[in-house]
Amino acid sequence: MAKQDDKRDALQMLAADHRKVEDLFEKFESARGGAARSKIVRQICEELTIHAMIEEQVFYPAVRDAVEDDMLDEAQVEHDSAKALILSLREADPGDEFYEAKVSVLKEQVEHHVYEEERQRGSLFAQVRKADVDLVAIGQEMAALKRQLQEQAKSGSLPPPDMVALRS
Ligand SMILES: [Fe+2]
Ligand SMILES: [Fe+2]
């Protein structure tokens, strides 16, 4: 995984993360049994927590001057609103009230966010591609942080996601 990331530029890395989470949401839908479902949800929460940290700490600051002003502010609010669901799902079990609903709303939010990052006309990625930014260098910095966070996740010390825009 880490080796692959070293060969990818920033946008390829982020797109690969997006595909991975989309696959996990699909797996959740076909998984049967509480243990299997909660394992997948834990993976989704971990992947999204790491992905959000990489974007917020490395990618978004690196491209801030290259994209429309309000775009990254909106992205940050979307991240935080997904984090609220992640924080709630970290404490939840598949039998709990609203569990399925939380997973399904998280999926919708992620789909919408990914659409704005990658696919809509004038998407974040499209703006970044047009700009003069070193996507290989940014990708290397992202890969280094990702390795560090994945190690923390493996040892159980990945912190819960941190609110930026919706801090109370
Ligand atoms: Fe993303
Ligand atoms: Fe994002």
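Check the entry above for the structure.
Computed from a prediction, not measured in an experiment: that's the story for all the values here.

Visitor: What is the right way to read the overall build of the protein chain from this model?
Guide: Helix and strand counts for the protein chain come out as seven helices and zero strands. From first element to last, N terminus to C terminus, the protein chain shows the α and β order α-α-α-α-α-α-α. What you see for the protein chain is a C-alpha radius of gyration of 16 Å, in line with the 15 Å of a compact globule of 168 residues. The C-alpha extent of the protein chain, read off along each of the three principal axes, is 50 × 30 × 30 Å. Expressed as a percentage of its 168 residues, the buried residues of the protein chain come to 43%. Long-range pairs, those at least 24 residues apart, make up 77% of the contacts in the protein chain with a sequence separation of at least 6. Carbon and sulfur atoms form 49% of the exposed surface of the protein chain, whose accessible area is close to 9400 Å². The average position of the 23 basic charges and that of the 35 acidic charges among the side chains of the protein chain differ by 7 Å.

Visitor: Is there a simple way to explain unusual backbone geometry in this structure?
Guide: Outside of glycine, negative phi angles account for most residues, and trans bonds account for most peptide bonds. In this structure, Phe98 takes a positive phi of about 75° despite not being glycine. Inspection of the secondary structure assignment puts Phe98 in the loop between helix 4 (69–90) and helix 5 (99–119).

Visitor: In this structure, what is going on with the coordination of the iron ion (ligand 1)? I would like to understand it.
Guide: Coordination angles at a metal have ideal targets, namely 109.5 degrees for four tetrahedral donors and 90 or 180 degrees for six octahedral donors. Those protein atoms acting as donors to the iron ion (ligand 1) are His18 (NE2), His51 (NE2), Glu55 (OE) and Glu117 (OE), and they sit at 2.1 to 2.2 Å. Geometry at the iron ion (ligand 1) is irregular, judged from the four donor atoms that bind it and their angles of 84 to 171° at the metal. If you list the donors of the iron ion (ligand 1) from N- to C-terminus, the spacing comes out as H-x32-H-x3-E-x61-E. Separating the iron ion (ligand 1) from the iron ion (ligand 2) is a distance of 3.3 Å, and Glu55 supplies a donor atom to each of them. Of the two residues, His51 and Glu55 are both situated in helix 3 (residues 34–63); the distance of four residues between them amounts to about one turn of the helix. Overall, the relative accessible area of 7% leaves His51 in the buried class.

Visitor: Please explain the coordination of the iron ion (ligand 2) as it appears in this structure.
Guide: Those protein atoms acting as donors to the iron ion (ligand 2) are Glu55 (OE), Tyr60 (OH), His79 (NE2), His113 (NE2) and Glu117 (OE), and they sit at 2.0 to 2.3 Å. Donor residues for the iron ion (ligand 2) sit on one chain with the sequence pattern E-x4-Y-x18-H-x33-H-x3-E.

Visitor: Would you mind showing me how to read the side chain of Glu47 here?
Guide: One can find Glu47 in helix 3. Those residues within four positions of Glu47 in sequence are excluded, and the remaining contacts are Lys20, Val21 and Leu24.

Visitor: Just checking my understanding: could you explain the pattern of salt bridges for this structure?
Guide: Should the charged atoms of two oppositely charged side chains come close, the side chains can pair. Applying the stated criterion across every chain yields a total of 10 salt bridges. Linking Asp73 and Arg64 is a salt bridge whose minimum nitrogen-to-oxygen distance equals 3.4 Å.

Conventions adopted
- Residues numbered from 1 in each chain as written.
- Chains lettered and ligands numbered in written order.
- Predicted model: local features only at pLDDT ≥ 70, side-chain atom pairs only at ≥ 80, totals over all residues.
- Heavy atoms only, no water.
- Helix = DSSP H or I, 4+ residues; strand = E, 2+ residues; numbered from the N terminus.
- Rg over C-alpha atoms; globule rule 2.2 N^0.38 Å.
- Buried < 20%, exposed > 50% of the residue type's maximum accessible area, 1.4 Å probe, protein only.
- Contact = heavy atoms within 4.5 Å.
- Areas by Shrake-Rupley, 256 points an atom, 1.4 Å probe, with all protein chains shown as cover.
- Lys, Arg positive; Asp, Glu negative; His and termini not counted.
- Charge placed at Lys NZ, Arg CZ, Asp CG, Glu CD.
- Donors = N, O, S within 2.8 Å, 3.2 Å for Na, K, Ca; no water.
- Tetrahedral: all angles 85-135°; square planar, octahedral: opposite > 155°, others 65-115°.
- Salt bridge = Lys/Arg side-chain N within 4 Å of Asp/Glu carboxyl O.

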